[in-house]
Amino acid sequence: MNDNKVARSNETSKKTIAALVALGMIISFPLAISDKPAFAIGTNSTTSGTTGASMMKLSTTSAPVVLPLYKALYDSKGVLFIITEVSDKIMRDQIGNFTGSPVNYEPKLTKSQDIGQLWIFKNGVKGPGLMGFQTNVLNSIPGDPHYTPLWKVNIVEWKTTGTNATTPTILGSDDIIAYAVKKGQITVTPTNIVINCPIVQWGGNKDNTIRAGHI
């Protein structure tokens, strides 16, 4: 292949990757080649921890993996994260069905000593959250001394009937969620489910002590 053809090929690859990123995806390397969406990365044709997922030998170390980006809020500012594993099979399936992007089942995530808090909304304002309602909320971002990519799931439910019936709004931080609980507007049900979802882009914090950034 001559230099002109190489240059055109490289330019086409750059445009393809840029288009994927613009569609809300992140590119990483390498890729486990399979006839189904890749659940894990490996070098042998062995079974993974996810039922129904198969892996084949890597055919190349330079082919991209396309991972969807998901939205969340921290201090009412937007962040983007990826999901790689979930410690609960039911939620693993729920996330896969809702997003169309399967993730691994990994029960040992719960054994970690350093776990943050993630709030997922069961009802309320419709949105891109993992249950189809408002954006998920996290309690730390990269740069925070307490940041971790592992999050324990808390299920938030608005009280829309009865004496404390409330019109749902967007709750953007752990402090705002705690205040809504205190006012009796919502209930928060902690779970033992842990999700591995590293933040890859964030908008800073309310005190401006952590700058907006990305990985």
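Above: the structure in question.
J.: How should the overall build of the protein be read in this particular structure?
T.: Helix and strand content of the protein: three helices and twelve strands. Counting every position in the protein, which comprises 215 residues, the buried fraction comes to 37%. Put simply, of all contacts in the protein between residues at least 6 apart along the chain, 64% involve residues at least 24 apart. Summed over all atoms, the accessible surface of the protein reaches about 12300 Å², with 54% contributed by carbon and sulfur.

J.: Could you clarify how one ought to interpret the packing of aromatic side chains in this entry?
T.: Any aromatic ring pair is given by two values, namely how distant the centres are and how the planes are angled relative to each other. Under the criterion given, the structure shown has two aromatic pairs. A centroid spacing of 5.8 Å and a plane angle of 35 degrees characterise the contact between Y70 and F81, whose relative ring orientation is tilted. Taken together, the positions of Y70 in strand β3 (residues 70-74) and F81 in strand β4 (residues 77-81) put the pair eleven residues apart, joining distant regions of the chain. Grouping residues by exposure puts Y70 and F81 together as buried. Note on Y147 and W151: the rings are 6.0 Å apart at their centroids and 65 degrees apart in plane angle, and the pair reads as edge-to-face.

J.: What should I look at first to understand the sheet that holds strand β5 (residues 85-86) in this one?
T.: In a beta sheet, neighbouring strands pair by backbone hydrogen bonds and run either parallel or antiparallel. On the basis of which strands lie adjacent, the open sheet formed by ten strands has the order β6-β5-β10-β9-β7-β8-β3-β4-β11-β12 and mixed pairing. Both outer strands of the open sheet, β6 (104-105) and β12 (213-214), are each paired with one neighbouring strand and no more. As judged from the two bridges shared by β3 and strand β8 (residues 136-138), these two strands associate in the parallel manner. Looking across to β8, one finds that L73 is bridged to V137. On top of the sheet, helix α3 (residues 174-182) reaches β7 (116-121), β8 and β10 (186-196); it is set at about 145 degrees to β10, its chief contact.

J.: Looking at this structure, how should I read helix α2 (residues 89-99)?
T.: One full turn of an α-helix is made of 3.6 residues, so residues set three or four places apart face in the same direction. Restricting attention to buried positions, one finds in α2 the residues M91, R92, I95 and G96. One side of α2 carries all its buried residues, which in axial view fall inside an arc of 135 degrees. Of the exposed residues in α2, those oriented more than 90 degrees away from the buried face are I90 and N97. Its buried side turned inward, α2 meets β5, β6, β7, β9 (150-158) and β10. Capping the start of α2 is the job of one residue whose side-chain oxygen sits 3.1 Å from the backbone nitrogen of I90: D88. Following α2 by one or two positions, G100 adopts a phi angle in the positive range, close to 75 degrees.

J.: What exactly am I supposed to notice about the pairing of β4 here?
T.: Regular strands place side chains that alternate from one sheet face to the opposite one. The pairing of β3 with β4 spans five bridges and is classified as antiparallel. For L73, the partnering residue across the bridge sits in β4 and is G78. Hairpin connection from β3 to β4: two residues lie between these consecutive antiparallel strands, with D75 at a positive phi of about 50 degrees. Bridging between β4 and strand β11 (residues 199-202) involves two bridges; their strand directions are antiparallel.

J.: Explain the side chain of S101 here, please?
T.: For S101, the position within the fold is in the loop between α2 and β6. Ignoring anything within four residues of it in the chain, the contact list for S101 reads P68, Y70 and G96.

J.: So what exactly am I meant to see when it comes to the side chain of Q185 here?
T.: Of note, Q185 is situated in the loop between α3 and β10. The contacts of Q185, once residues within four sequence positions are left out, are E157, W158, K159, T166 and A180.

J.: I'm lost on unusual backbone geometry in this one. Help?
T.: Peptide bonds are mostly trans, and most non-glycine residues show a negative phi. Phi is positive for S76, close to 65 degrees, though the residue is something other than glycine. Mapped onto the elements, S76 comes out in the loop between β3 and β4. By relative accessible area, which is 45% here, S76 ends up partly exposed. Of note in the backbone geometry, N208 takes a positive phi value of approximately 60 degrees without being a glycine.

What counts as what
- Residues numbered from 1 in each chain as written.
- Predicted model: local features only at pLDDT ≥ 70, side-chain atom pairs only at ≥ 80, totals over all residues.
- Heavy atoms only, no water.
- Helix = DSSP H or I, 4+ residues; strand = E, 2+ residues; numbered from the N terminus.
- Buried < 20%, exposed > 50% of the residue type's maximum accessible area, 1.4 Å probe, protein only.
- Contact = heavy atoms within 4.5 Å.
- Areas by Shrake-Rupley, 256 points an atom, 1.4 Å probe, with all protein chains shown as cover.
- Phe/Tyr/Trp six-rings, centres within 6.5 Å; stacked < 30°, edge-to-face > 60°.
- Pairing = 2+ DSSP bridges.
- Axes fitted to C-alpha atoms, helices over the stretch in contact; angles between N-to-C directions.
- Arc of directions from axis to C-beta.
- Polar contact = N/O pair within 3.5 Å; in protein donor to acceptor, adjacent residues only side chain to side chain.

Purely geometric stuff here, so don't read any function into it on its own.
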